[in-house]
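Analysis of the macromolecular model
The lines below spell out each chain.
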Amino acid sequence: MNRPSSRRLWVPFAVSGVILILLGALAWLLFSRVEKSISPDPVSIANASLTNLQEQNRLTVFSASYNATVTTTLNKLGLSARKTLIMPGTVRYELDMAKLEADDVRWDARDNIFYVEMPAIETARPEVHVEQIQTYDDGGLLMALTDAEMILDQANRKKAVEQLTKQAQNPVQMRLAREAARRAVRHNFAIPLQAAGVEAKIDAFFPYEQSRYQERWDYSRPIREVLAEQQQKREQAQ
C-alpha cells in the first residue's frame, strides 16, 4: 500500500533531477560559446600585427657608422693632381615589410608557434656626414688651370659611397643586422599577443634559412588559410 505514495515522492525528484541536468547542459553550452566568443584568437591578432608591419613599409632594424678613405689621381697636360677624401657615413639596415605577406606567416596550433619568413635585409644608401668630410690634395697647378678638382671630387665621392656600402655588407655587420631584425619582428608580433593574454611563440627566419624549417613549415598553416576557415565556420553557424 505504500508503493503508490513512495512513487509519488520520487517521481518529482526524478523530474527535477532531469531538469537540473538539462539546465546544467544548456548553461555549459552557453558558457562555452560565450567564452569562445570573447577568447582572444591568436591568428586574428597576428594578422592585425602583420597589417601594422606592412603599413610601416620599411622597418629600420639596425644602423652603423663607417669611414671611407679614397684617393684619385688625374694626369692631364703633362701635369698630375691627386686628391684624397675621408668620408664618414651611416648606413641603415632595413626590412621591406611590403614584401611580407599573409602566406609568409604560418600558425602551428599544435605547439602554439607562429613562423614568420622575413624578407631579406636591405642596406639603404649611406647617409654622408657632410660636416665631417676631410680632403687632402696635391697638384694645385693642374687644379688651378683646369677642372681637375671637380673631376677628382666627383670620382672620390662616388668611390667613397661605394666603399661605405661595401663596408656595410661585411659578414659581421650583416649578422648583427639579421639578429636585430629577428628581435624586431618577434617583438612586433609578440607584444599584441602578450597584451591579449595569449601564450604563443614567434620564430622569425630569413629565406636562406628555409631548409631548416621545411618540416615545421609543411605542417603549419598560413594564417590566410586559417582566417578563411574561421570565416566559413561563422557563416555556416548563422
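Everything below is about the structure printed above this text.
Below is a short write-up of the structure. (Residues numbered from 1 in each chain as written. Predicted model: local features only at pLDDT ≥ 70, side-chain atom pairs only at ≥ 80, totals over all residues. Heavy atoms only, no water.)

**A word on the sheet that holds strand β9 (residues 221-222)**
Strand order in this open sheet of 4 strands is β8-β4-β3-β9, and the pairing throughout is mixed. What marks the edges here is a single partner per strand, and that holds for β8 (201-205) and β9. As paired elements, strand β4 (residues 113-117) and β8 share 5 bridges and run parallel to each other. Residue isoleucine 113 lies in a different strand from β8, and its bridge partner there is lysine 201. Those strands touched by helix α5 (residues 171-195) are β3 (105-108), β4 and β8, and its axis lies near 155° from that of β8. (Pairing = 2+ DSSP bridges. Helix = DSSP H or I, 4+ residues; strand = E, 2+ residues; numbered from the N terminus. Contact = heavy atoms within 4.5 Å. Axes fitted to C-alpha atoms, helices over the stretch in contact; angles between N-to-C directions.)

**A word on the packing of helix α2 (residues 42-56) against helix α7 (residues 223-237)**
Between α2 and α7, the least distance of the axes is 10 Å, while the angle of their chain directions is 130°. Taken together, α2 and α7 sit at an angle that is classed as oblique. As α2 runs across α7, the sense of the crossing is left-handed. Contacts from Val43, Ser44, Asn47 and Leu50 of α2 reach α7 at Ile223, Val226, Leu227 and Gln230. (Parallel < 35°, antiparallel > 145°, perpendicular 65-115°, else oblique. Left-handed = near helix turned anticlockwise from the far one by under 90°.)

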